[in-house]
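Results of the structural survey
The lines below spell out each chain.
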Amino acid sequence: MYDYEALRNDVCKLCRSGVECGTIGRSVSGAHLVYFHLGPKSGDQIIIQGGIHAREWVTALLVERQVETLMCEDLPLGVYFLPMTNPDGATLVQRGAEAFPEYAASLLAVNGHNDFSMWKANLRAVDLNCNFEAKWGTGESNVTEPAPSSFIGYLSVSEPETRALVRFTRAVKPIATVSYHALGREVYYEFGQKGERLARDRHIAEITADALGYRLVHGDLGSAGGYKDWCVSELGIPALTIEIISERFSHPLDESALEGEEKNLWLPKLLIETIKNS
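Residues numbered from 1 in each chain as written. Predicted model: local features only at pLDDT ≥ 70, side-chain atom pairs only at ≥ 80, totals over all residues. Heavy atoms only, no water.

**Comments concerning the overall build of the chain**
Helices and strands together make up the secondary structure of the chain, namely eight helices and eight strands. Here the C-alpha atoms of the chain give a radius of gyration of 17 Å, agreeing with the 19 Å that 2.2 N^0.38 yields for 278 residues. If you line up the chain on its principal axes, its C-alpha atoms span 55 × 45 × 40 Å. Residue burial in the chain is summarised as follows: out of 278 residues, 58% are buried. Counting contacts in the chain only where the partners sit at least 6 residues apart, residues at least 24 apart contribute 77% of the total. Total accessible area on the chain is roughly 11500 Å²; 49% of this is exposed by carbon and sulfur atoms. (Helix = DSSP H or I, 4+ residues; strand = E, 2+ residues; numbered from the N terminus. Rg over C-alpha atoms; globule rule 2.2 N^0.38 Å. Buried < 20%, exposed > 50% of the residue type's maximum accessible area, 1.4 Å probe, protein only. Contact = heavy atoms within 4.5 Å. Areas by Shrake-Rupley, 256 points an atom, 1.4 Å probe, with all protein chains shown as cover.)

Here it is in structure tokens:
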């Protein structure tokens, strides 16, 4: 399994290879929210983020592989890669509540058993992708109490992981973002934008979906509080949610589910080319 320790090892390896590595903040447990950067630091930037849902930790491995694939490429724009936005959740899924003795009792009370393989939330049982200030609390699947998934938090942007990502995104001022999830092989792009913005974002999403062989999904389907939703509504930029992996797989996933997803390794370069030509 690709866990937080594996990511830390990759930080050491990639830093030795000359890739810029850093952290945008810390999780509930104090784990670093790691970033890698490729391309020029000045000028336009893109953010690619994975691992915000605990059970979808394979997306963190995909984002790390993107860095390894593109580290020797001459990119015309800068790209920030944030592989594991929810490191505590990934550890919980893979190692169980005993990995966090201080939180074990509350986690077991919420989950009801010690199998956390389907857990999506962070260490405080908040679904980070429901915690952003984008029609927060109005999503069709939202819940208002701690839960393995879909709990919005008692306040918007209440979690250290969410706050760090918001703070970092505002500082970078990206021209586009990508959020990786699993599974379904779908591309989402809408959250209430209209007119020229909608046409622009649909164009980018269409090219992305076509290149990956994924289904393009129109509308927000009752989504709210997600990172993509916040980027669209607050920043006014194109933001994609990309669900990788065929539905012939089911959760819990392992690394073998990434077989056949190789086209995603080149997605950052495709996105740069698409935006430059839009």
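**Here's the deal with the state of the cysteines**
Evaluation of the coordinates by the stated rule reveals one disulfide. With its sulfur 2.5 Å from that of its partner, Cys15 forms a disulfide with Cys21. You can call Cys15 partly exposed: its relative accessible area is 36%. Here Cys72 is not cross-linked by a disulfide; its sulfur's nearest cysteine counterpart is in Cys21, at 14 Å. Of the residues examined, Cys72 reaches a relative accessible area of 74% and is grouped as exposed. (Disulfide = S-S within 2.5 Å.)

**Let's talk about the layout of surface pockets**
If you add up the space inside the largest pocket, you get close to 630 Å³. At the level of secondary structure, the elements contributing two or more residues to the lining of the largest pocket comprise β5 (176–182), β6 (186–188), α7 (227–235) and β8 (239–244). Of the residues that constitute the lining of the largest pocket, the class distribution is six nonpolar, twelve polar and eleven charged. (1 Å grid on protein atoms, 1.4 Å probe; cavity = no way out; pocket = protein on both sides within 12 Å on 5 of 7 lines; lining within 4 Å. Points joined across faces, edges and corners; volume = space filled by probe spheres on them. Nonpolar A, V, L, I, M, F, W, Y, C, P; charged D, E, K, R; others polar.)

**As for the environment of Tyr2**
Relative to the assigned elements, Tyr2 resides in the segment before α1 (4–16). As for Tyr2 and Ala90, which are separated by 88 residues in sequence, their C-alpha atoms are 8.6 Å apart. Other than its neighbours up to four places away in sequence, Tyr2 contacts Leu7, Asp10, Trp57, Ala60, Leu61, Glu64, Met84, Gln94 and Glu255. Of the polar contacts made by the side chain of Tyr2, one reaches the side chain of Asp10; its length is 2.7 Å. (Polar contact = N/O pair within 3.5 Å; in protein donor to acceptor, adjacent residues only side chain to side chain.)

**Comments concerning the nonpolar core**
In terms of nonpolar packing, the biggest core is built from 67 residues, with Phe36, Phe81, Trp119, Tyr180, Ile242, Ile244 and Ile245 touching the most fellow members. Residue contributions to this core peak at seven residues, all from helix α2 (residues 58–70). Core analysis: the second largest hydrophobic core is formed by 22 residues, Leu82, Ala134, Val232 and Ile237 among them. (Core = buried A, V, L, I, M, F, W, Y, C linked by side-chain atoms within 4.5 Å.)

**Regarding the sheet that holds strand β4 (residues 78–82)**
What the eight strands build is an open sheet, ordered β1-β2-β4-β3-β5-β8-β6-β7; its pairing is mixed. Looking along the sheet, the strands with just one partner apiece sit at the ends: β1 (20–26) and β7 (215–217). Averaged over all adjacent pairs, the angle separating strand axes in this sheet is 20°, with direction ignored. For strand β3 (residues 45–49) and β4, the ladder comprises five bridges, and the chain directions are parallel. Its bridge partner lying in β4, Gln49 is registered against Leu82. (Pairing = 2+ DSSP bridges. Axes fitted to C-alpha atoms, helices over the stretch in contact; angles between N-to-C directions.)

**Thoughts on helix α4 (residues 104–111)**
Buried residues of α4: Ala104, Leu107 and Asn111, and no others. Each buried residue of α4 sits inside an arc of 65° when the element is viewed along its axis, so together they form one side. Residues of α4 that are exposed and point over 90 degrees away from its buried face: Ala105 and Ala109. Phi for Gly112, located one or two positions after α4, is positive at around 85°. (Arc of directions from axis to C-beta.)

**Overview of the packing of α1 against α2**
Two numbers describe a pair of packed helices, the interaxial angle and the distance between the axes. In contact at an axis separation of 12 Å, α1 and α2 are set at 10° when each is read in the N-to-C sense. With respect to their mutual orientation, α1 and α2 come out roughly parallel. Residue-level inspection shows Asp10, Lys13 and Leu14 of α1 in contact with α2, the latter providing Glu64, Val67 and Glu68. Classifying every residue of the contact of α1 with α2 gives two nonpolar, no polar and four charged. (Parallel < 35°, antiparallel > 145°, perpendicular 65-115°, else oblique.)

**Looking at the pairing of β3**
The buried fraction of β3 amounts to five of the five residues, a majority that puts the element mostly inside the structure. Burial of β3 is two-sided: the residues Gln45, Ile47 and Gln49 facing one way and the residues Ile46 and Ile48 facing the other way are all buried. Handedness of the β-α-β unit built from β3, α2 and β4 comes out right-handed. Pairing geometry for β3 and β5, over four bridges, is parallel. Residue pairing in the sheet places Ile46 in a bridge with Ala176 of β5. (Right-handed = clockwise from strand over helix to strand, strands pointing away.)

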